[in-house]
Amino acid sequence: MVDIKKLKSNIWKFCFLRIFLRSLVFPVLVLYFLKSGLSATQVGMVFSIGIFSAFLLELPSGYISDKLGHKRAIIICFLMKAVAMLCYLGGSFWWFVVAEVLFIGGGSLWSGTGEAFFYETLKDLNRLKRFEKLYGQSTFISLIIGSVLLILIPFIYTYNNNLIFFLNFVLLLIPLIVSFTLEQPTYIKKVSKIEGWWGVVHEWRDIGRFVIKQKRYRAIIFFYAFWQAFQDAIDNFSQIFFTFVKIPVQFFGAIYSANRILYGLGGQVAYIFKRTLNVLQLFAMFSLELILFFFFGAFANAYTGALVFLVRNFFEGVSEPISSGQVNKEITKGNRITLLSVEPTLARLVQGVLVLIMGVLFDTFSVPHVFIIMGIALIFILSTLYFMATRAISSKEK
């Protein structure tokens, strides 16, 4: 018999748990890696291994969550994230790899599980009509509180480099303890989309056929995947850029917090861009914005360096609802959930390659030269993808 009072408490607990999902040490993590003796190439390798681990863990994580139970999966998620903080203190390449895999592995367990658990709770409480509203509120709360915590982290780091990992370990024990108090709803919503590995093979075979046949869908997902991958990859090395333009470490957290807020603001006003511009005009705008980001970044000082990142994050926020709407519009049959996952999956794979390349470039060239190289590469890549999109979108598909 489900305790309704405890079940209702799942709502605020879910909001609370989401605060701790993102890495609070990220604003200074690259600085810590470099200070521990890693080269930029090795930093790229650590991130790349983490990214590819996330890709490999994404498929079995849903199956594991369904087998263990969603409450247990959430508990393991925060246990892995807490242990990851202690692994960072190992101070060497392989300890950092273990830490990244644990932290990202915990995130993979949450992926789908957290949302499913929240859905189950509201279904048992007969509040499914409020799902979008309550989920949106949890996003807003986690964004605001998480941003405040991000501001504090660099100040603690400048006082003691290791202290932030001990503090984050202690902080992550709080959601771990809270997750033990969750009430398991009676209704169970499956997280795993596909049963068995042969199901995975058949599913991706069908996706491949859909991608080959549907030119518009292919053009859209390839454009946004590469566009997003370049942004995510440079974010991994943003602290090298901030250090180069002489932004004090203490302000890194404030910049990341402002980035999150402007990302959210971009999402709020995305409908204005969607209403004003057609698909190809949006592609042109996003392409020009990202190319200019790299070229302006190459010649930036402390003030303009922070500004170019803020502007870029605003447009990244604008792109999220627009890209989602464009991709959804092209899916007229098949497994919608799986087809929607193709673009972020492709973006993750491209990002994994890009962080390796950028790591080598940052070891070989100066920061301005790396930004110019990336800008030139984007001109060729996005121009090609824009040309593909022009042909696909202007043509009539049977």
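Residues numbered from 1 in each chain as written. Predicted model: local features only at pLDDT ≥ 70, side-chain atom pairs only at ≥ 80, totals over all residues. Heavy atoms only, no water.

Enquirer: Is there a simple way to think about the overall build of the chain in this case?
Expert: The helix and strand inventory of the chain stands at 18 helices and zero strands. When burial is assessed residue by residue, the chain has 48% of its 398 residues classed as buried. Within the chain, counting contacts between residues at least 6 apart in sequence, those at least 24 apart form 85% of the total. In the form shown here, the chain has an accessible surface area of approximately 19000 Å², with 68% of it arising from carbon and sulfur atoms. (Helix = DSSP H or I, 4+ residues; strand = E, 2+ residues; numbered from the N terminus. Buried < 20%, exposed > 50% of the residue type's maximum accessible area, 1.4 Å probe, protein only. Contact = heavy atoms within 4.5 Å. Areas by Shrake-Rupley, 256 points an atom, 1.4 Å probe, with all protein chains shown as cover.)

Enquirer: Where do I start with the side chain of Ser-257 in this structure?
Expert: As for its position among the elements, Ser-257 is in helix 12 (residues 252-268). Residue Ser-257 is classed as buried on the basis of its relative accessible area of 3%. Beyond its immediate sequence surroundings of up to four residues, Ser-257 is in contact with Ser-147, Leu-150 and Ile-151.

Enquirer: Whenever I open this one, the packing of aromatic side chains confuses me. Can you help?
Expert: Where two aromatic rings form a pair, the distance of their centres and the angle of their planes describe that pair. The final tally for this structure, using the stated rule, is 33 aromatic pairs. Judged by centre distance (4.2 Å) and plane angle (10 degrees), the rings of Phe-14 and Phe-118 are stacked. Residue Phe-14 is found in helix 1 (residues 4-18), and its partner Phe-118 is found in helix 6 (residues 113-124); the two are separated by 104 residues along the sequence. The rings of Phe-26, Phe-241, Phe-242, Phe-252, Tyr-256, Phe-293, Phe-294, Phe-309 and Phe-371 are connected pair by pair, giving a single aromatic cluster. Seen from the ring of Phe-103, Lys-81 lies directly overhead, with NZ or CZ sitting 3.6 Å from the centre. We note Arg-312 situated over the ring of Phe-293; from NZ or CZ to the ring centre the distance is 5.4 Å. (Phe/Tyr/Trp six-rings, centres within 6.5 Å; stacked < 30°, edge-to-face > 60°. Lys NZ or Arg CZ within 6 Å of the ring centre and 35° of its normal.)

Enquirer: Help me understand helix 5 (residues 93-110) in this model?
Expert: Note that an α-helix has 3.6 residues per turn; residues three or four places apart therefore point the same way. Over its 18 residues, helix 5 extends 26 Å from the first C-alpha to the last, a length consistent with the 26 Å expected when each residue adds 1.5 Å. Residues of helix 5 that are buried: Phe-93, Phe-96, Val-97, Ala-99, Glu-100, Phe-103, Gly-105, Gly-106, Ser-108, Leu-109 and Trp-110. (Expected span 1.5 Å × (residues − 1).)

Enquirer: Sorry, what's going on with the nonpolar core here?
Expert: The tendency in soluble globular proteins is for nonpolar side chains to be buried as a group. Core analysis: the largest hydrophobic core is formed by 112 residues, its most contacted members being Phe-33, Phe-78, Phe-241, Phe-286, Phe-362 and Phe-371. What Phe-241 contacts, discounting residues up to four positions off in sequence, is Gly-297, Ala-300, Gly-305, Val-308, Phe-309, Val-367 and Phe-371. (Core = buried A, V, L, I, M, F, W, Y, C linked by side-chain atoms within 4.5 Å.)

Enquirer: When you look at helix 8 (residues 163-180) in this model, what are you seeing that I'm missing?
Expert: Helix length check: helix 8, at 18 residues, gives a terminal C-alpha distance of 27 Å against a target of 26 Å (1.5 Å per residue), a fit within 8%. Buried within helix 8 are the following residues: Ile-164, Phe-165, Asn-168, Leu-172, Pro-175, Leu-176, Val-178 and Ser-179. On an axial view of helix 8, the arc spanned by its buried residues comes to 160 degrees, and they lie on one face. Facing away from the buried side of helix 8 by more than 90 degrees, the exposed set consists of Ile-177 and Phe-180. (Arc of directions from axis to C-beta.)

Enquirer: How should a nonpolar patch on the surface be read in this particular structure?
Expert: On the surface, a nonpolar cluster with roughly 520 Å² of combined accessible area is contributed by Phe-140, Ile-141, Ile-144, Ile-145, Val-148 and Leu-152. Mapped onto the secondary structure, Phe-140 falls in helix 7 (residues 131-159). On the basis of relative accessible area, Phe-140 is assigned to the exposed category, the value being 54%. (Patch = residues over 30% accessible without salt bridge, like charges linked within 9 Å, V, L, I, M, F, W, Y side chains within 5 Å. Salt bridge = Lys/Arg side-chain N within 4 Å of Asp/Glu carboxyl O.)

Enquirer: Is there a simple way to think about the pattern of salt bridges in this case?
Expert: Any two side chains of opposite charge can pair, on the condition that their charged atoms come close. Per the stated rule, a full pass over the model turns up two salt bridges. A salt bridge links Asp-235 to Arg-312; its shortest N-O distance comes to 3.0 Å. Taken together, the residues Asp-235 in helix 10 (residues 215-236) and Arg-312 in helix 15 (residues 302-330) connect sequence positions 77 residues apart. As far as burial versus exposure is concerned, Asp-235 and Arg-312 are alike and both buried. For Glu-316, the salt bridge identified is with Arg-312, shortest N-O distance 3.2 Å. Of the two residues, Glu-316 and Arg-312 both sit in helix 15, four residues apart, roughly one turn of that helix. Overall, Glu-316 belongs to the buried group, its relative accessible area being 8%.

Enquirer: Help me understand the environment of Arg-22, please; the structure alone is not making it clear to me.
Expert: Tracing the chain through its elements places Arg-22 in the loop between helix 1 and helix 2 (26-35). Classification of Arg-22 as exposed rests on a relative accessible area of 52%. When the C-alpha positions of Arg-22 and Gly-107 are compared, they lie 8.4 Å apart, and in sequence the two are 85 residues distant.

Enquirer: How do you make sense of the packing of helix 4 (residues 70-88) against helix 8 when you look at a structure like this?
Expert: At a minimum axis separation of 9 Å, helix 4 and helix 8 run at an interaxial angle of 170 degrees. Here helix 4 lies roughly antiparallel to helix 8, going by the angle between them. Across the interface between the two elements, Lys-71, Ile-74, Ile-75, Phe-78, Leu-79, Lys-81, Ala-82, Met-85, Leu-86 and Tyr-88 from helix 4 touch Phe-165, Asn-168, Phe-169, Leu-172, Pro-175, Leu-176, Ser-179 and Phe-180 from helix 8. Residue classes in the contact of helix 4 with helix 8 are distributed as 14 nonpolar, two polar and two charged. (Axes fitted to C-alpha atoms, helices over the stretch in contact; angles between N-to-C directions. Parallel < 35°, antiparallel > 145°, perpendicular 65-115°, else oblique. Nonpolar A, V, L, I, M, F, W, Y, C, P; charged D, E, K, R; others polar.)

Enquirer: Looking at this structure, how should I read the side chain of Arg-312?
Expert: On the accessibility criterion, Arg-312 (1% relative accessible area) is buried. Setting aside its immediate chain neighbours within four residues, Arg-312 contacts Gln-231, Ile-234, Asp-235, Glu-289, Leu-290 and Phe-293.

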